[in-house]
Protein chains: 2
Amino acid sequence: MRIPLDRDSPVPLYQQIQQFLQDQIRSGTLLPETRLPASRTLAASLGVNRITVTNAYAELEAEGLVYSRQGSGTFVAAPLVTPPQSADDRISPDDWPLWQQELLSRTWLLAQRGLDRLLESVSHPDPICFAGGIGDSRLFPTDDFRKALQAVLRHDGTEALGYGDRAGYPPLRAKIAHVLTSQGIPAHPDQVLITSGSQQALALVAHLLLRPGDVVLIESPTYSGAIDLFRSLDVRLLGVPLDEQGMQVEQAEDALRSGRPRLIYTIPTFHNPTGTCMSGHRRRQLVALADRYNVPVLEDDFVGDLRYEGRAQPALKALDPGGQVIYTSTFSKMLMPGLRVGFLVASGPVYERLLACKRVTDLASSNLMQQALEAYITVGRYQSHLRRACQMYHRRRDAMLDALSRYLPASARCLPPQGGLFVWLQLPAGLSANELYPVAAEEGVTFAPGSLFFPAERAQPYLRLNLAMHPPDVIEEGIRRLGRAVERLLARGENQATSIPPHKAVIT
Amino acid sequence: MRIPLDRDSPVPLYQQIQQFLQDQIRSGTLLPETRLPASRTLAASLGVNRITVTNAYAELEAEGLVYSRQGSGTFVAAPLVTPPQSADDRISPDDWPLWQQELLSRTWLLAQRGLDRLLESVSHPDPICFAGGIGDSRLFPTDDFRKALQAVLRHDGTEALGYGDRAGYPPLRAKIAHVLTSQGIPAHPDQVLITSGSQQALALVAHLLLRPGDVVLIESPTYSGAIDLFRSLDVRLLGVPLDEQGMQVEQAEDALRSGRPRLIYTIPTFHNPTGTCMSGHRRRQLVALADRYNVPVLEDDFVGDLRYEGRAQPALKALDPGGQVIYTSTFSKMLMPGLRVGFLVASGPVYERLLACKRVTDLASSNLMQQALEAYITVGRYQSHLRRACQMYHRRRDAMLDALSRYLPASARCLPPQGGLFVWLQLPAGLSANELYPVAAEEGVTFAPGSLFFPAERAQPYLRLNLAMHPPDVIEEGIRRLGRAVERLLARGENQATSIPPHKAVIT
């Protein structure tokens, strides 16, 4: 075999050999099952070291182009397939296996896909987005956190890249338990389970406690990611309405009696999407009811730290008579979403089973991120970041409420949230947020339409605005655009029948 | 209010104020609802800047010790609870809520817990562990990978810490698609979904496709993490035995006809725990059967790259007539477990639904790790690491087989694996691996007892040895100890009745 070698090339000789053989195999010049020359023979004929040929063969073998059979040599492997031109080269769903066609009816992901498509459809040159579910990424302490990560890698690279403790990095669990206890939530490190964001905490609880057909009691509206999760499990959702004091717990009792739910899912503090905070009285009522009806409570406290005014209410977990409430929170919202570090707190036999669920779900979370987070919290930076963000978002909330009062018609209403990330806006009677969306997008502003947050998808007069993502001047401009879109829709409505039927108010 | 301040102390003044008030509140000297002095008043009386007092109050508020009411001032918050002394201060399970007591019957996690306890029980001063499921952590390219991480953080910190693409970092998906295609598995980047290790890929498929009571066809024995996952979903497991050619596909057909499984889970290449590699003929048979009986195949290719000899077999995915096979693999086994980056490849409507499952499970995987991995693969380091590890493990496999032939009685049998991480050892007739375990631990060697890998837990004459974790001299010493333990157990057995009933051979 004659292989042209360029000894002056910066490409190493073994790579030149490899490249030549690779081309010969890919082009079909060397047919499958062809025996390549023994490395010693080829090395001699090319005038190179035998190791050079061995390395070239090893590269080819790693790529699946040749294989070696002990004692008999190296052979060209079966022909390669060509990569597909696109993900789905077949068009009709009928072409897929039957079991895949059956999946087409699982539509529980369509709401989220709908939103994605809505967001992609915005053609304005400089749109202002109020749709997101996190804080302002420009405030995220990326530099500080990067330094923490680098310090961990420098001091402790091997451990940071190992499996680590399945329940989470123990010093981080201890820190979380300490902070929670100081906030009135008694927690032991062994009751803390680190999760990949709070979404995983919700998923673990749901997977452990729910089976298809079970009933889950939720606030209506509630977090769309929870609705999607529950839908993915084929459970039935029983919605309890809210008012300015949060979930209307009196109505929850009826639902508990008649619906026999297996789980209560609630966001008592700075609720997503409405921003309401459950009153202390109702918190006590809800925990007592859960206890009486033997139903576990999953408390989602995703931005409880973000209070701008008013008195802090105790977490439901702080009122827990013992083992009734599973508490979950996250660092991703306030630091950076890519952190993917959340946690849950649970006591009793359920804890060990949630840990086992975590193990079968993804074995363990990345140790590296947990170690960096622990270091970051320890030097006090988390607390000061939180304080700074809180002050900043407070001003932004005020700017948004002010702009809403100036640019929206008086018949549009909202409840000033005492904290958190969201303002829940109710449009003037007859307007649907889904209909408003394309008009607003034309004007250069986007939001999360209310229909995403209800268990039954239908046109809703509500929309969720993120108050934290932009500085006050951008908020003002965004709300001005929103006001213009509402006016256009109202003007259009005067020439048409009412676009959605009169609705029972969710928040009045 | 008189607060003693030490102006020479390195502790900032605001922290001294905070500390003093904190002590007063925690000790009960300052009662709840006490109004703290206005910041201006206190600042004047202490002779400090007003900002100093504001900062101290903000710290106290962040800790939940005080709260501020707009317009009326700062007040001491309700008393704090004390942290619990231990995770479970109540002893009797009867004290937990009824719904928690019902969980006690969910015993699907006990096998893994049993192993953990077994491993903890080893009292030998210098035990040699063959129980693990990963490669040798000393060979992991931690330094190289750390450099890749640091480069990503330096160049691209903010994006690396954001949510990123929900399906995974696009350049990494493109790279994976490219490598798979070169190995004969046609894959488009849009068919690749990055997961948190391959365990999450298994979990996503199981959560999407299975409901309680469904039947899953597995190899028996099989990967214990898959057994636990399936058990957590209350599905029934139908085991098909293996021989030296892998799953006995002829028997699978009977099971497909009578059991109507909803999923086939298989590890065709270097099977866990037996190390066998399914023959090409059986691979084609299995894919054809799955197609005929309309059952999806979940192909777990966790160490397919780790071949020491023999001809590479095509992945089942490479034989897929279209949308029938979901393929999963991982980088965690060969690089470092803490990476938590695996992936699945699927085509057809199932892909989008798996992506939605990923979203409800944990939103997305860490972008940072994916970017670093992509960079690491691009510079060619992954391939050369793989080659080095492969050569190393090949020698270790030979050392283990050699030691087994020398130190174990001839009636102990094993099948030399052509690749992968495991040797599956069958003990002499009548010996149980669970009984051997404590004796072996006394001698200073541990392994994974075979009972972990069977859907029905019972004493088994098999054990799994990890061939990759130790250099040849340690392997030799470990197997010598194992031989001694087997001899002791055999000697004990001569004075007793046979400890386990005669068994149908799994691999003969």
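Residues numbered from 1 in each chain as written. Chains lettered and ligands numbered in written order. Predicted model: local features only at pLDDT ≥ 70, side-chain atom pairs only at ≥ 80, totals over all residues.

Student: Can you walk me through the overall build of chain A in this structure?
Tutor: The helix and strand tally for chain A stands at 16 helices and 17 strands. Dimensions of chain A along its principal axes, counting C-alpha atoms only, are 90 × 60 × 50 Å. Here chain A holds 508 residues, and 52% of them are scored as buried. Once local pairs closer than 6 in sequence are excluded, the contacts in chain A between residues at least 24 apart make up 74%. (Helix = DSSP H or I, 4+ residues; strand = E, 2+ residues; numbered from the N terminus. Buried ≥ 20, exposed ≤ 12 C-beta atoms within 10 Å, placed from the backbone. Contact = placed C-beta atoms within 7 Å.)

Student: Help me out: how do you make sense of unusual backbone geometry in this one?
Tutor: For residues that are not glycine, phi is negative in most cases, and the peptide bond is trans in most cases. Residue and element names in this part refer to chain A. For the bond running from Asn272 to Pro273, omega is 15°, close enough to zero to count as cis. A positive phi angle, near 50°, is found at Arg340, a position not held by glycine. Considering the arrangement of structural elements, one finds Arg340 in the loop between strand E11 (325–330) and strand E12 (342–345).

Student: Looking at this model, I keep getting lost on helix H8 (residues 197–209) of chain A. Mind explaining?
Tutor: In an α-helix, one full turn covers 3.6 residues, which means residues spaced three or four apart are oriented alike. Residues and elements named next belong to chain A. In a regular helix each residue adds 1.5 Å, so 13 residues correspond to 18 Å; H8 covers 19 Å between its end C-alpha atoms and thus fits that length. Within H8, twelve of the 13 residues are buried, which leaves the element mostly enclosed by the surrounding structure. Within H8 the residues assigned to the buried category are Gly197, Ser198, Gln199, Gln200, Ala201, Leu202, Ala203, Leu204, Val205, Ala206, His207 and Leu209. (Expected span 1.5 Å × (residues − 1).)

Student: Whenever I open this one, the interface of chain A and chain B confuses me. Can you help?
Tutor: How big an interface is tends to be stated in terms of accessible area lost as the parts join. In this assembly, 95 residues from chain A lie in contact with 94 residues from chain B. Here the side of chain A that touches chain B takes ten residues from helix H6 (residues 142–160) of chain A, the largest share from any one element. Of the residues contributing to the side of chain A that touches chain B, the split by class is 44 nonpolar, 35 polar and 16 charged. (Nonpolar A, V, L, I, M, F, W, Y, C, P; charged D, E, K, R; others polar.)

Student: I tried to follow the relation of the copies chain A and chain B on my own but got confused; where do I start?
Tutor: For the pair of chain copies, the relating operation is a rotation around an axis with a shift along it. Mapping chain A onto chain B calls for a rotation angle of 180° and an axial translation of 0.0 Å; the resulting RMSD is 0.1 Å. Accordingly, the operation relating the two chain copies is best matched by a two-fold axis. Minimal C-alpha separation from the rotation axis in chain A is found for Gln150 of chain A, amounting to 3.4 Å. Comparing interface residues between copies, 98% of those in chain A also lie at the interface in chain B; the contact surface is shared. (Least-squares fit on C-alpha atoms with pLDDT ≥ 70 in both.)

Student: Looking at this structure, how should I read the pairing of strand E1 (residues 66–69) of chain A?
Tutor: Residue and element names in this part refer to chain A. Note: E1 against strand E2 (residues 73–76), four bridges, orientation antiparallel. Its bridge partner lying in E2, Val66 is registered against Val76. In textbook terms, the turn of a hairpin is the stretch between consecutive antiparallel strands, and for E1 and E2 this stretch comprises three residues, one of which, Gly71, has a positive phi near 85°. (Pairing = 2+ DSSP bridges.)

Student: Could you clarify how one ought to interpret the sheet that holds strand E16 (residues 448–449) of chain A in this entry?
Tutor: One key point about sheets: their strands pair by backbone hydrogen bonds, in either a parallel or an antiparallel sense. All names here are of chain A. The strand order across the open sheet built from four strands is E13-E14-E17-E16, with neighbouring strands paired in antiparallel fashion. The open sheet has two edge strands with one neighbour each: strand E13 (413–414) and E16. Of the pairings in the sheet, the one linking E13 to strand E14 (residues 422–426) comprises two bridges and is antiparallel in character. By the bridge assignment for E14, Arg413 is matched with Gln426.

Student: Help me understand the domain arrangement of chain A, please; the structure alone is not making it clear to me.
Tutor: All names here are of chain A. When its domains are assigned, chain A resolves into domain 1 (13–76), domain 2 (110–133 + 388–494) and domain 3 (139–379). Summarising the inter-unit geometry, the C-alpha centres of domain 2 and domain 3 are found 27 Å apart. Taken residue by residue, the interface counts 24 residues in domain 2 and 25 residues in domain 3. Of all the secondary-structure elements, those providing two or more residues to the side of domain 2 that touches domain 3 are helix H5 (110–120), helix H14 (381–407) and E14. (Domains from an automatic or database assignment.)

Student: Honestly, the environment of Asn434 of chain A in this entry has me stumped. Any pointers?
Tutor: Residue and element names in this part refer to chain A. Looking at the element boundaries, Asn434 is found in helix H15 (residues 433–443). Accessibility expressed as a C-beta count within 10 Å gives 21 for Asn434, which makes it buried. Expressed as a C-alpha distance, the spacing of Asn434 and Leu31, which sit 403 residues apart in the sequence, is 60 Å. Once residues lying within four places of it in the same chain are set aside, the contact partners of Asn434 are Pro449, Ser451 and Ala459.

Student: Looking at this model, I keep getting lost on the sheet that holds strand E14 (residues 422–426) of chain B. Mind explaining?
Tutor: Residue and element names in this part refer to chain B. Taken in spatial order, the four strands line up as E13-E14-E17-E16 in an open sheet, and their pairing is antiparallel. Lying at the two open borders of the sheet, with one neighbouring strand each, are strand E13 (413–414) and strand E16 (448–449). Pairing of E14 with strand E17 (residues 462–466), which is carried by five bridges, proceeds in the antiparallel orientation. Bridge pairing in E17 links Trp424 to Arg464.

Student: I'm lost on the nonpolar core in this one. Help?
Tutor: Among soluble globular proteins, nonpolar side chains are generally buried collectively. Within the largest apolar cluster, 264 residues are counted, with the highest numbers of intra-cluster contacts made by Leu425 of chain A together with Ala372 and Leu425 of chain B. Ignoring anything within four residues of it in the chain, the contact list for Ala372 of chain B reads Phe145, Ala148, Leu149 and Val152 of chain B. (Core = buried A, V, L, I, M, F, W, Y, C linked by C-beta atoms within 7 Å.)

Student: Quick question: what am I supposed to make of helix H10 (residues 249–259) of chain A here?
Tutor: Residues and elements named next belong to chain A. The set of residues buried in H10 consists of Val249, Ala252 and Leu256. Viewed along the axis of H10, the buried residues span an arc of 40°, placing them on a single side of the element. The exposed residues of H10 that point more than 90 degrees off its buried face are Glu250, Asp254, Arg257 and Ser258. Residues of H10 that are buried sit in contact with strand E5 (215–219), strand E6 (236–240), strand E8 (246–247) and helix H11 (280–293). Trailing H10 by a residue or two, Arg260 shows a phi angle of about 45°, which is positive. (Arc of directions from axis to C-beta.)

Student: Looking at this structure, how should I read the environment of Asp473 of chain B?
Tutor: Looking at where Asp473 of chain B falls in the secondary structure, it is placed in helix H16 (residues 472–494). Taking the C-alpha atoms as reference points, Asp473 of chain B and Arg396 of chain B, separated by 77 residues in sequence, lie 9.2 Å from one another.

Student: What's the story with the pairing of strand E10 (residues 297–300) of chain A in this structure? I'm lost.
Tutor: Looking along a regular strand, one sees the side chains alternate between the two faces of the sheet. All names here are of chain A. Burial along E10 is two-sided: Val297 and Glu299 facing one way and Leu298 and Asp300 facing the other are all buried. Taken together, the three bridges between strand E9 (residues 263–266) and E10 define a ladder with parallel strand orientation. Counted as the bridge partner of Thr266 is Glu299 from E10. Bridge count between E10 and E11: four bridges; the pairing is parallel. Bridged to Asp300 within E11 is Thr328.

Student: What is the right way to read the environment of Gly275 of chain A from this model?
Tutor: Residues and elements named next belong to chain A. Residue position: Gly275 is located in the loop between E9 and H11. Separated by 141 residues in the primary sequence, Gly275 and Pro416 have C-alpha atoms spaced 8.1 Å apart. Not counting chain neighbours up to four residues away, the residues in contact with Gly275 comprise Phe270, Leu415, Pro417, Gly420, Phe422, Val423 and Trp424.

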